[in-house]
Amino acid sequence: MSRESYLNHPTFGLLYQVCEVTANQDLFATLYAQRLFFLVTASSEGLQFEPISRSDARILLENRLRGLRRSGSEAEYAALQLVYKQTFQ
């Protein structure tokens, strides 16, 4: 989680990666407001941006935290827990 990742959305500008959801899906948020969230899916056709609500983004992040806790990835869990607190609390 020490690596930062950014994308340029055609309408909303710079997005930063909040967390990985699955192997080809990541959760991104607008850089400055941190109020708009996008589920970005990478495929052979390119990137797809799906806007999602703040509550859905929170659920995705909580699910990722649960998965990391179960797998025993302590360092990644701690880093993502910090992101969760900064973003949603």
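Residues numbered from 1 in each chain as written. Predicted model: local features only at pLDDT ≥ 70, side-chain atom pairs only at ≥ 80, totals over all residues. Heavy atoms only, no water.

Looking at an unreviewed UniProt entry, one finds the chain named PipX family protein and attributed to Thermoleptolyngbya oregonensis NK1-22.

(A) Fine view of the pattern of salt bridges. The final tally for this structure, using the stated rule, is two salt bridges. Salt-bridge contacts for Glu 62 lead to Arg 58; the nearest nitrogen and oxygen are separated by 3.4 Å. Note that Glu 62 and Arg 58 are positioned in helix α1 (residues 54-71) at a spacing of four residues, about one turn of the helix. Judged by relative accessible area, Arg 58 falls into the partly exposed class, the value being 31%. (Salt bridge = Lys/Arg side-chain N within 4 Å of Asp/Glu carboxyl O. Helix = DSSP H or I, 4+ residues; strand = E, 2+ residues; numbered from the N terminus. Buried < 20%, exposed > 50% of the residue type's maximum accessible area, 1.4 Å probe, protein only.)

(B) Main features of the side chain of Thr 30. Mapped onto the secondary structure, Thr 30 falls in strand β3 (residues 25-30). Beyond its immediate stretch of four places on either side in the chain, Thr 30 contacts Phe 12, Leu 14, Leu 15, Tyr 16, Arg 35, Leu 36 and Phe 38. (Contact = heavy atoms within 4.5 Å.)

(C) Spatial organisation of the nonpolar core. Counting residues in each nonpolar core, the largest one holds 18 residues, and the members touching the most others are Val 18, Leu 27, Phe 37, Leu 61 and Leu 80. For this core, the secondary-structure elements that each account for two or more residues are β2 (13-22), β3, β4 (37-43), α1 and α2 (74-88). (Core = buried A, V, L, I, M, F, W, Y, C linked by side-chain atoms within 4.5 Å.)

(D) Representation of the packing of aromatic side chains in the model. Enumeration over the complete set of coordinates arrives at four aromatic pairs. Consider the rings of Phe 12 and Phe 38, whose centres lie 5.4 Å apart with planes at 45 degrees: the pair is tilted. Taken as a pair, Phe 12 in the loop between β1 (6-9) and β2 and Phe 38 in strand β4 lie far apart in primary sequence, 26 residues in all. Through a chain of ring-to-ring contacts, three or more aromatic side chains come together here, namely Phe 12, Phe 38 and Phe 49. (Phe/Tyr/Trp six-rings, centres within 6.5 Å; stacked < 30°, edge-to-face > 60°.)

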